[in-house]
Each structure stands twice: as C-alpha cells, then as structure tokens.
Amino acid sequence: MGRRLRRGALAAVLVVLAAAVVVALVERRGPEAKPLPGTPLRELASQAGLRIGTAVDDTALQREPGYREVLAQQFSSVTAENVMKWGALAAERGRYDFTAADRLVDFALGRGMRVRGHALVWWNQLPTWVRDGEWTRRTLRQEVRQHVRTTLEHFGERVPVWDAVNEPLDDRGRLRDDLLGRVLGDGWVEDVLRTARTYAPEAQLVLNETAADGLNAKSDGMYRLVRGLLARGVPLDGVGFQLHTNLDGVPAGFRRNLERFAALGLDVEVTEADVALRTPASERAERAQARVYAQAVRDCRAVPRCRGFTVWGFTDRHSWIPGTQPGFGEATLLDAELRAKPAFRAVQRALR
Ligand code: G3I
C-alpha cells in the first residue's frame, strides 16, 4: 500500500472514531427536553392537594440536562431510585458515602421539591457485609439501629418522610423469612420504627410494601401488622402502596384497601407506580396503559388521606422494568425521547 493510501485509511479511521465519540457523548447527555403539553403535573397536583413524585435515577440526574429539566418542571416530590438504600450508602462497613444521595437532595430542595427517603431498612440491596456477615441478634440489631441513626441524622429535616420499613412481608402477608426476621425476630419492624422516631422525631415514617395494593392475602397481613403496631403505640404515620402493575390494571379493591388503612388514622400514598407493557408496545397498549394510570390517580384522589402519587421513573429511557422483566417495558409516562405518551395526558386529566 502506498503511503498516501495508508494516510487516507488512517484519516478515515480517525474520522469514524471521532464520530463515534461524538455520538456516545450526545447519547450520554440524553435527549433534549421538549415542551410537554398542558399544565405541568406538579401544578395540577398541587391544585388537587396532592404531591406528584417520581423515582430518580442518579446517573441520569448527573448526565442528562433534559432529564433534569423535565424532572424539575413536572414533579413536586422525588424518591431516590437506589442511592439512599443501605447498600448504596454504606458499601463498606463503618464508612458512609452520601455524595449521590446529597446530590439528589440538593437538586430537589433547590427546586421546591420534597424528598421521600427510600429506604431505611429493606431486606434487599443490603451492603454485602451485612448480607454475608455472621450476626447475633444483639450485633445485628446494633448495626441496624446505628444505620437508622446515621442516616436520619445526616439528612435531618431535609428529608421529612421515610420509607422506614420497606417490603417486610411475604406473598401470604407474613413477615418475610429473611436475614432480618431470622436473626432479629419479628420485633425488628417495631424496633426500626421506634429507633427512627428517636432520631427523627418530626419525620413521617412510612411502611412501604409491594403487591399489597389490592385486597388480597398480603394486604390483609399488612393490615393486621399495621393495626397491631398502632395498638402497641409504635410510631407509624403512613403506608405506601407501590403499585407496580401492567395491563392487568389497578388491582381489585385498591381504593377500598387505601380506605381501610386510612381509617386507621394513617396517611396513605402511591409510592412506585408503573404500568409495564409488552415491548414493543402498540398504540392500543399505550392507550390501555393510560387508562390504568388514570384509574390509579382517580382512586388515590378519592381517598382524602391519599397524599401523594409517585411514579417509579418518568421516562422509558430509565426504568427498572426491561432489566428485570425481559419482554416488558415502556412502563412510564414519557417515552425514551422524553415525549408525552397517552399516559402522561391521562394523568393530567385525572389530576384536573
Ligand atoms: O450499583 C451496581 C453497579 O455497580 C453495577 O455495575 C451494576 C451492574 O448490574 O449494578 C448496579 O446495581 C444495580 C442497582 O439497581 C443500581 O443501579 C442492580 O444490579 C439492580 O438490581 C438494582 O435494581 C434496583 C432494584 O430496586 C433492586 O432490587 C432498581 O434499579 C430499582 O428500580 C428497584 O427499586 C425497587 C424499590 O427500591 C423497592 N420496590 C421495588 C422496586 C422495583 O424493584
């Protein structure tokens, strides 16, 4: 090959590489925010006496200006999708790293949004040193209490509401047979709540549960648990209903379920709503999805103690569904390019 030819080839390779880098950088910054139709959700929600929230992905928050813009414009509440979990805060024993969590809190407070703390104690996403440690009841209780204390003292009033106990129940509505239950015994839920009250007397303490949205064995178990806690004077202010669903719809008895917990004197809220579709989703499926979202919002609004409606991510670009439920996705209000889907407009209408 002649020298000129080699130079030409080299130049072509460099051009392709440079183009690839540019494409990667653009992709990394995510799509631009486009104007969304109608009144922002947070305004509509505020008029309806409700907070509208979303889970926030830390990588997107850091890198994607369009994501940040839509987030601040549309939502009045944020939940950290991962960065406030024990495993994220204290990957190493005895060392806390609040960098990512503080990033979210600063962002939110600077834009008049409220932060829901998620989650103080959960069997999942524990630090590996906790999950794989050798514990006695005394030593693990000590670690759990210390974690609750460190976390609450760090955030203080900046995080006024916490999913203090996350997903304590199994499908039949009994306390899960996990590390916490096995080592600490059933009293661990009470202990976490009492400890949380001690170190954050003003914070709203929530028990957040999955698949206990409708009237079913699990929500019956949760009802018994909650009633028992309240009867013993355990500090608990609210119950969170996650509402991860699909085109099966809002689970039967959802509204009545909210009502029975509210009747115990508790606030209730929807904490993690999403509606998974088979992908790629048809327009018809998107319209059906919109109806599910609208129903969920209407049910929450029909219950005076339902104070908030949080979606688990607001764009299909960042949603946990495709990673954990292969073949499903497109579960959120905006598509991956931050354009409104029918579900977005349906939530607007339901808030009006
Ligand atoms: O942090 C590691 C990273 O270091 C590693 O390179 C990467 C490779 O897979 O994994 C990263 O961890 C992932 C983590 O999210 C943070 O991105 C985990 O694999 C992944 O399993 C984890 O998933 C989260 C899931 O909770 C864990 O169970 C989802 O993003 C999050 O949406 C989901 O949220 C939960 C709520 O907290 C509680 N209710 C149910 C809800 C959905 O599962």
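What comes next concerns the included structure. Here the structure is a predicted model, which means the values were calculated and not measured. (Residues numbered from 1 in each chain as written. Predicted model: local features only at pLDDT ≥ 70, side-chain atom pairs only at ≥ 80, totals over all residues. Heavy atoms only, no water.)

## Here we look at the packing of helix α12 (residues 254-262) against helix α13 (residues 283-302)
Part 1 of the reasoning: Packing of α12 against α13 leaves a shortest axis separation of 9 Å and a crossing angle of 30°. Judged by the angle between their axes, α12 and α13 are roughly parallel. Regarding α12 and α13, the two cross each other, and that crossing is right-handed. Residue-level contacts link Phe254, Arg255 and Leu258 of α12 to Gln295, Ala296, Arg298, Asp299, Cys300 and Ala302 of α13.
Part 2 of the reasoning: The residue inventory of the contact of α12 with α13, partitioned by class, reads 5 nonpolar, 1 polar and 3 charged. (Axes fitted to C-alpha atoms, helices over the stretch in contact; angles between N-to-C directions. Helix = DSSP H or I, 4+ residues; strand = E, 2+ residues; numbered from the N terminus. Parallel < 35°, antiparallel > 145°, perpendicular 65-115°, else oblique. Left-handed = near helix turned anticlockwise from the far one by under 90°. Contact = heavy atoms within 4.5 Å. Nonpolar A, V, L, I, M, F, W, Y, C, P; charged D, E, K, R; others polar.)

## Things to note about α13
Part 1 of the reasoning: The terminal C-alpha atoms of α13, which comprises 20 residues, lie 29 Å apart, in line with the 28 Å expected from a rise of 1.5 Å per residue.
Part 2 of the reasoning: Buried within α13 we find Ala285, Glu286, Ala288, Gln289, Ala290, Val292, Tyr293, Ala294, Ala296, Val297, Asp299 and Cys300.
Part 3 of the reasoning: Next to the buried residues of α13 lie β7 (244-246), α12, β8 (267-278), β9 (306-311) and α15 (342-351). (Expected span 1.5 Å × (residues − 1). Buried < 20%, exposed > 50% of the residue type's maximum accessible area, 1.4 Å probe, protein only.)

## Structural notes on the side chain of Asp170
Part 1 of the reasoning: Along the chain, the position of Asp170 falls in the loop between β4 (161-166) and α9 (179-184).
Part 2 of the reasoning: Those residues in contact with Asp170, other than ones at most four positions away along the chain, are Leu175, Arg176 and Lys218.

## Structural notes on the site of the ligand
Part 1 of the reasoning: Close to the ligand lie 14 residues; Glu81, Lys85, His118, Glu167 and Glu272 are nearest.
Part 2 of the reasoning: Asn82 is positioned with one of its side-chain polar atoms (N or O) 2.9 Å from an oxygen atom of the ligand.
Part 3 of the reasoning: Here Gln242 contributes a side-chain N or O atom positioned 3.1 Å from a nitrogen atom of the ligand.
Part 4 of the reasoning: Looking at the shell around the ligand residue by residue, the classes come out as 3 nonpolar, 7 polar and 4 charged. (Near = heavy atom within 4 Å. Polar contact = N/O pair within 3.5 Å; in protein donor to acceptor, adjacent residues only side chain to side chain.)

## Quick look at the environment of Phe309
Part 1 of the reasoning: Here Phe309 is to be found in strand β9.
Part 2 of the reasoning: Considered as a pair, Phe309 and Ala296 are 13 residues apart in the sequence and their alpha carbons are 8.8 Å apart.
Part 3 of the reasoning: Setting aside residues no more than four positions away along its own chain, Phe309 makes contact with Leu50, Arg51, Ile52, Gly53, Val270, Ala273, Ala296, Val297 and Cys300.

## Quick notes on the environment of Arg182
Part 1 of the reasoning: Secondary-structure assignment places Arg182 in helix α9.
Part 2 of the reasoning: In this structure Arg182 comes out as exposed when scored by relative accessible area, which is 54%.
Part 3 of the reasoning: Distance in space between the C-alpha atoms of Arg182 and Arg137 is 9.0 Å, their sequence separation being 45 residues.
Part 4 of the reasoning: A polar contact of 3.0 Å, which involves the side chain of Arg182, links it to the backbone oxygen of Asp177.

## A word on unusual backbone geometry
Part 1 of the reasoning: Of the consecutive residues His118 and Ala119, the connecting peptide bond is found in the cis state with omega at -5°.
Part 2 of the reasoning: By the secondary structure assignment, Ala119 is in strand β3 (residues 114-122).
Part 3 of the reasoning: Cis geometry marks the peptide bond from Thr279 to Pro280; its omega dihedral reads -10°.
Part 4 of the reasoning: Mapping Pro280 onto the fold places it in the loop between β8 and α13.
Part 5 of the reasoning: For Glu330, which is not glycine, the phi dihedral falls at a positive 45°.
Part 6 of the reasoning: Among the secondary structure elements, Glu330 is positioned in the loop between β10 (328-329) and α15.

So, to be careful, I would describe these as geometric facts and stop short of saying anything about function.
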